[in-house]
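Tertiary structure, described
Single-letter residue listing:
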Amino acid sequence: MANAAVISLVRSLEELVQRKPHLISDETRRMVDSVLDSLEYFQDFLESTSKRRQKYCRKVEELEREIRMEVEKAEDVIELKIMYGIMKKEGLSKTFLRTLVGKIDAPRERKAIRKTLLPFVKKIDAVKSNVMGSSFGTNQVQGYDDSTNEDLLPGLSSRNVAKLNPENIVVGLEDDLVRIIRRLKGPTLTREIIPILGMGGIGKTTLARKAFDDFETRHRFDIRIWVTVSQEYRIKGMLLDILRCTSDETNEKSNDRLMDMIYKKLKGWRYLVVMDDIWSNDVWDLMTRTFPDDNNGSRIILTSRQEEVANHADPHSNPHKMNLLNSDNSWKLLRDKVFGVEHACPPELEDIGEQVAQRCQGLPLALLVVAGHLSKISRTQESWKDVAKSVSKVVADESDICLGVLSMSYNYLPDHLKPCFLYMGVFPEDSVVNIVRLINLWISEGFISDELEGRDCLEDLVSRNLVMVRNRSFNGEAKTCGVHDLIRDLILREAEKEKFLEVTRIHEAANPSAEKLRSARRYCFHSCDQTVFWKLSSIIRTLHFFDGFQKLSKQVPLLVSFKLLRVLAILNVTFQTFPLEITKLVQLRYLQFTCYDDIHWSVSKLHNLQTFILGYGVAGLLPPTIPAGIWQMSNLRHLHIGDFFSFPIPSNKLQNLQELSRLALTSCTSELFSAIPNLKKLKIIGNYLMEMKRERLNSLSCLKKLEILKYRDDGIQPSQIPSKYVLPASLKRLTLSCTSLPWKDMANVITLPNLEVLKIKDNGFLGDEWMLNDEEIFKQLKFLLISWTGLKHWKAGSVNFPKLQRLFLKRCMNLEKIPQDFGEICTLESIELHKCSISAAKSGKDIQEEQESMGNECLSVLIYNHPSSSAQHI
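One numbering rule holds for all chains: residues counted from 1, following each sequence as written. Reporting in this predicted model follows two pLDDT cut-offs: at least 70 for local features of residues, and 80 or more for side-chain atom pairs to be given and counted; totals over whole chains, interfaces and linings ignore these cut-offs and use all residues. Where side-chain values are given, they derive from all heavy atoms of the structure, hydrogens and water being excluded.

**Some remarks on the overall build of the protein chain**
Per the convention used, a helix needs a DSSP run of H or I reaching at least four residues, while a strand needs a run of E reaching at least two, with both numbered from the N terminus. When helices and strands are tallied, the protein chain shows 28 helices and 29 strands. Every one of the 874 residues in the protein chain was classed for burial, and the buried ones make up 53%. By definition, residues are in contact when any of their heavy atoms lie within 4.5 Å. Across the protein chain, contacts joining residues at least 24 apart in sequence account for 61% of those joining residues at least 6 apart. Exposed residues in this analysis have more than 50% of their type's maximum accessible area, buried residues have under 20%, and partly exposed residues fall in between, with area computed by a 1.4 Å probe over protein chains only.

**Remarks on a positive patch on the surface**
A patch consists of residues whose relative accessible area exceeds 30% and which take part in no salt bridge; residues with like charges are grouped when within 9 Å of each other, and nonpolar side chains (Val, Leu, Ile, Met, Phe, Trp, Tyr) when within 5 Å. Surface accessibility in these figures is a Shrake-Rupley result with a 1.4 Å probe; residues are shielded only by whichever protein chains are displayed. The term salt bridge refers to a side-chain nitrogen of Lys or Arg lying within 4 Å of a carboxyl oxygen of Asp or Glu. For this count, His and the chain ends are skipped, Lys and Arg are scored as positive, and Asp and Glu as negative. Charge positions come from single atoms, namely NZ of Lys, CZ of Arg, CG of Asp or CD of Glu. On the surface, K479, K710, K761, K810 and K835 cluster together into a patch of positive charge. Note on placement: K710 falls in strand 18 (residues 708-713). K710 gets classed as partly exposed once you look at its relative accessible area, which sits at 41%.

**Some thoughts on the environment of S463**
With respect to the helices and strands, S463 occurs in helix 21 (residues 451-463). We classify S463 as buried; its relative accessible area is 15%. For the pair S463 and Q306, spaced 157 residues apart in the sequence, the C-alpha separation amounts to 6.0 Å. Counting of polar contacts relies on pairs of N or O atoms within 3.5 Å, with two restrictions inside protein: one atom must be capable of donating a hydrogen and the other of accepting it, and residues adjacent in sequence are counted only when both atoms are side-chain atoms. For S463, the side chain forms a polar contact with the main-chain oxygen of D460, separated by 2.8 Å.

**Thoughts on a negative patch on the surface**
Taken together, D37, E40, D44 and E47 make up a surface patch of like negative charges. With respect to the secondary-structure elements, E47 resides in helix 2 (residues 26-50).

**Observations regarding the nonpolar core**
Grouping buried Ala, Val, Leu, Ile, Met, Phe, Trp, Tyr and Cys residues that are joined through side-chain atoms within 4.5 Å yields what is termed a nonpolar core. Residues L543, L568, L682, W794 and F801 are the most contacted members of the largest nonpolar core, which totals 102 residues. The residues touching L543, leaving out its near neighbours within four places in the chain, are Y523, F525, F533, L536, L559, F562, L565, V567, L568 and A569. Of all hydrophobic cores here, the second largest spans 95 residues; its members include L365, V387, L492 and F500.

**Let's talk about the packing of helix 13 (residues 327-339) against helix 15 (residues 364-376)**
For any two helices packed against each other, the geometry is given by the interaxial angle and the distance between the axes. As a rule, the C-alpha atoms of each element are fitted with a line to give its axis, helices using only the stretch in contact, and angles between N-to-C directions run from 0 to 180 degrees. The N-to-C vectors of helix 13 and helix 15 enclose an angle of 35°; their axes lie 9 Å apart at closest approach. Viewed along their axes, helix 13 and helix 15 form a crossing whose handedness is right-handed. Where helix 13 approaches helix 15, its residues S330, L333, L334, K337 and V338 are matched on the opposing element by P364, L367, L368, V370, A371, L374 and S375. For the contact of helix 13 with helix 15, a count of residues per class yields nine nonpolar, two polar and one charged. By definition, turning the near helix anticlockwise from the far helix through less than a right angle yields a left-handed crossing, and turning it clockwise yields a right-handed one. Ten residue types, Ala, Val, Leu, Ile, Met, Phe, Trp, Tyr, Cys and Pro, are classed as nonpolar, four, Asp, Glu, Lys and Arg, as charged, and the remainder, Gly among them, as polar.

**A look at the sheet that holds strand 8 (residues 478-482)**
Pairing in this open sheet of three strands is antiparallel, and the strands run 6-8-7 from one edge to the other. The open sheet has two free edges, formed respectively by strand 6 (433-434) and strand 7 (468-472), since each of these has just one partner strand. When DSSP finds two or more bridges between two strands, those strands count as paired. Examined bridge by bridge, strand 7 and strand 8 share four bridges and lie antiparallel to one another. Counterpart to N471 in the pairing with strand 8 is T480.

**Quick look at the sheet that holds strand 3 (residues 271-276)**
Strand order in the open sheet formed by five strands is 2-3-4-1-5, with parallel pairing between adjacent strands. Sheet topology places strand 2 (223-228) and strand 5 (320-321) at the edges, where each strand pairs with a single neighbour.

**Overview of the packing of aromatic side chains**
Whether two aromatic rings pair depends on their centres lying within 6.5 Å, for rings of Phe, Tyr and Trp, where Trp uses its six-membered ring; planes under 30 degrees apart make the pair stacked, over 60 edge-to-face, and the rest tilted. For the coordinates displayed, the defined rule picks out 22 aromatic pairs. For the ring pair Y523 and F525, a centre distance of 5.0 Å and an interplane angle of 40° mean the geometry is tilted. Plain terms: the ring middles of F645 and F647 are 6.2 Å apart, the flat faces sit at 50° to each other, and that makes the pair tilted. For F647, a relative accessible area of 10% puts it in the buried group. For a lysine, the NZ atom is tested; for an arginine, the CZ atom; a charge sits over a ring if that atom is within 6 Å of the ring centre and within 35 degrees of the ring normal. Over the ring of Y410 we find K418, and its NZ or CZ is 4.7 Å from the ring centre. The ring of F500 carries the charged tip of R522 above its face, separated from the ring centre by 4.2 Å.

**Examining the pairing of strand 17 (residues 681-686)**
Relative to strand 17, strand 16 (residues 659-664) is paired through four bridges, and the arrangement is parallel. Across the sheet, the residue bridging to L660 is L682, located in strand 17. Judged from the six bridges that link them, strand 17 and strand 18 form a sheet pairing that is parallel. Bridge assignment links K683 to a residue of strand 18, and that residue is K710.

**Description of the pattern of salt bridges**
Tallied over the full model, the rule gives 28 salt bridges. For R257, the salt bridge is made with D260, and the minimal N-O distance between the two is 3.5 Å. With a gap of three residues between them, R257 and D260 both fall in helix 10 (residues 255-266), about one helical turn apart. Overall, R257 belongs to the partly exposed group, its relative accessible area being 38%. Note that K321 and E307 form a salt bridge whose closest N and O atoms lie 3.3 Å from each other. You can see K321 sitting in strand 5 and its partner E307 sitting in helix 12 (residues 307-313), a full 14 residues away along the chain. Given the relative accessible area of 48%, K321 is considered partly exposed. The exposure class of E307 is partly exposed, given its relative accessible area of 21%. Connected via shared salt-bridge partners are E72, D76, R521 and R541.

**Examining the confidence of the model for the protein chain**
Averaged over the protein chain, the pLDDT score is 82; the fraction of residues at 70 or greater is 79%. Within a predicted model, pLDDT stands for the predictor's per-residue confidence, ranging from 0 to 100. Scored below 50 in pLDDT, residues 85-92 shows 14 contacts in the model against residues more than four places distant or in partner chains. Taken together, the stretch residues 867-874 has pLDDT below 50 and engages in 21 contacts with residues farther than four places along the chain or on a different chain.

**With respect to the environment of P579**
Relative to the helices and strands, P579 resides in the loop between strand 12 (567-575) and strand 13 (590-595). On a C-alpha basis, the gap between P579 and F593 in space is 9.8 Å, while along the polypeptide they are 14 residues apart. Apart from the residues lying within four places of it in its own chain, the contact partners of P579 are V556 and F593.

**Remarks on the environment of T188**
When you line up the elements, T188 lands in the loop between helix 6 (174-184) and strand 1 (192-197). Between the C-alpha atom of T188 and that of S298, which follows or precedes it by 110 residues, the distance is 9.1 Å. Not counting chain neighbours up to four residues away, the residues in contact with T188 comprise G297 and R299.

Below you can see the structure in the form of structure tokens.
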């Protein structure tokens with residue numbers, strides 16, 4: 001957490017130097033550099049301690065929090081000084097920077113140590129010396145010996161979950177167990193590693209134990225060993241546990257001697273080892289040398305929440321990823337735990353019980369906790385209804401079990417991932433979060449620098465089973481995400497403890513205390529009750545309103561008091577006129593709201609703005625106009641307008657602009673596109689005279705870095721776009737909707753050398769015949785969607801689509817058949833038909849059967865709701 005604050009301050013200082021170089025003297029610049037050096041020290045310190053979290057003491061944890069708070073205060077001072085112009089004409093106040101250096105300077109382990117140090121910086125040196133001692137910065141193995149330290153962070157083991165299930169009821173794991181046992185009994189003779197992955201409390205240990213104790217497993221392996229690792233593993237303890245499974249000889253010896261003994265005991269025997277709850281690569285690297293590979297069918301099962309551990313142990317092994325329980329199995333697990341396997345649930349409790357199970361969202365840990373609560377209360381409808389209304393509270397009351405288990409994943413996060421993870425608490429319960437928007441918010445908050453880094457952070461959180469991907473694109477890239485309700489409860493608890501985020505929730509009983517309101521830097525309103533809005537601190541950096549403003553006329557003027565606001569998102573309410581107060585929030589990086597009015601010219605004052613999302617309450621006949629001042633907003637990266645809009649004549653260049661959404665075709669000129677040369681994503685809404693469309697579309701060739709283009713006619717007066725036009729060769733994804741092109745004009749698209757995704761929607765192409773000759777080749781196309789067209793005859797083959805992976809057909813009611821030769825495309829993985837003709841569905845089935853007859857079982861054909869059947873999975 002502190003690391004994110006340090007990075008944000010570094011960026012603020014760098015922006016100060018870049019934007020006001022004429023106001024900074026040489027001496028002042030040297031002082032700024034000194035501050036940056038000090039911040040670099042903080043980063044090194046924080047990253048080092050982050051890598052040894054299990055060796056932390058509480059004092060270090062408190063120190064991190066103190067560093068964060070002091071750095072945030074320093075950043076507040078800097079931005080306030082810039083905002084109010086407290087910079088003298090002859091240069092930035094030297095006194096101010098001397099004060100700042102005094103606040104955040106730190107020892108550099110060098111002879112010349114500054115005399116002026118803030119007391120908390122001295123604590124860094126003291127705690128580093130006293131707690132970490134000489135071991136700080138060394139390359140010791142991540143485990144530690146059996147000596148204990150009362151200041152160590154609590155090492156709760158997720159194995160405590162087993163206490164919730166003394167009867168060992170297993171529900172919904174039958175298929176998982178079959179697959180694991182099949183791999184244990186497989187014909188492979190080389191030592192095989194079988195990772196079992198999933199979020200905390202999902203049942204990884206239960207599955208591994210069932211496989212370990214299975215009758216066939218016991219008779220197949222000569223030696224079976226179970227060792228629990230956990231976050232705070234003790235090397236000698238693990239080695240002695242393993243040795244006890246193979247021998248009675250457990251006299252005290254060195255670790256190397258113990259590892260040698262284990263290796264010799266296992267040598268030549270077929271063994272099964274379960275390493276349960278493994279968190280780090282280091283422990284695997286240490287232990288793997290004790291497990292010989294004698295080509296006799298030995299197996300090692302690893303259970304972990306970290307996909308990185310599985311990939312490190314064996315990059316070629318396919319991890320077994322556990323899923324949440326479905327509704328039926330959730331209710332069965334809850335019912336069996338409350339009433340016992342042999343007893344039925346009273347009929348009057350069935351419906352309510354199913355509701356309770358549904359609200360546990362398929363997590364066995366939550367189901368077992370709630371089942372334990374239900375077992376203790378009266379079995380009446382009234383009692384169970386109360387539980388159904390307060391499942392989250394029931395789980396929260398058992399925080400040592402539920403949130404304690406899940407918090408292990410949070411505590412193990414690297415420092416740079418913690419703010420990204422906690423930011424998921426901004427969104428209401430059960431939200432499906434658009435990942436592009438999420439990453440833009442992370443950038444605006446200063447957690448990351450660009451989208452690529454954001455993607456890496458998100459995939460890291462997903463691989464740690466903290467964030468769930470809700471929807472992926474054809475190439476596996478995540479599009480939307482979310483978190484389990486229990487994870488969200490953990491997020492809100494940790495965010496409040498770290499003073500990172502405060503949330504006013506729906507049905508929340510009490511308002512936050514005055515102290516919380518003073519210290520909160522981010523605040524989110526998930527309910528209509530916004531009484532605390534009047535009490536928020538002026539240092540607030542982020543405001544999200546998910547349930548609309550109340551008493552708009554009174555609240556909007558108060559926004560100007562939040563002078564350091566970086567993120568403002570107002571959803572589910574529409575302003576009648578453009579709120580001018582917002583244009584005074586010059587530190588804004590992210591702005592989202594809806595109004596009926598045109599964008600006011602004063603929005604150009606928001607020179608820090610990076611993302612601007614403006615919805616329009618009612619779509620007008622004439623496109624709204626962007627004010628000319630937008631050309632002064634040099635930091636703008638993403639511009640999304642709810643209605644199609646026209647762009648002013650360029651007066652500057654917007655080098656950072658990467659995305660424009662719903663631009664009117666009338667604005668598509670070479671002059672405009674030359675002024676936004678780094679645009680990567682563009683959505684055009686067009687309805688224009690035929691003779692002018694060619695010129696407008698040809699202007700796209702100026703966009704040399706454009707990767708994603710969506711073009712849609714507005715549908716008021718559908719008309720064909722011209723046959724000859726030039727598209728950027730850099731395009732990777734193209735969507736054409738309502739464009740009414742003849743199929744022969746696909747020649748303009750085929751020539752695109754980098755095109756990977758092509759979507760044709762709503763009569764994007766007209767005509768009943770699409771014929772491709774052997775010279776017409778989509779060289780890189782991987783995904784093809786054809787939806788709502790009149791296509792009837794389609795002649796093509798594998799030569800035309802050599803790299804196609806997925807074919808998606810929707811509402812192609814006239815299509816007679818899919819080209820039979822598509823089965824010869826070696827890269828093709830799936831064909832999906834949604835509400836297409838019977839003959840088209842049959843041709844898909846024929847292609848699959850032909851491929852299976854030749855030994856190709858990799859092709860999946862999915863048919864949904866064609867006229868003869870409600871659904872088919874072929």
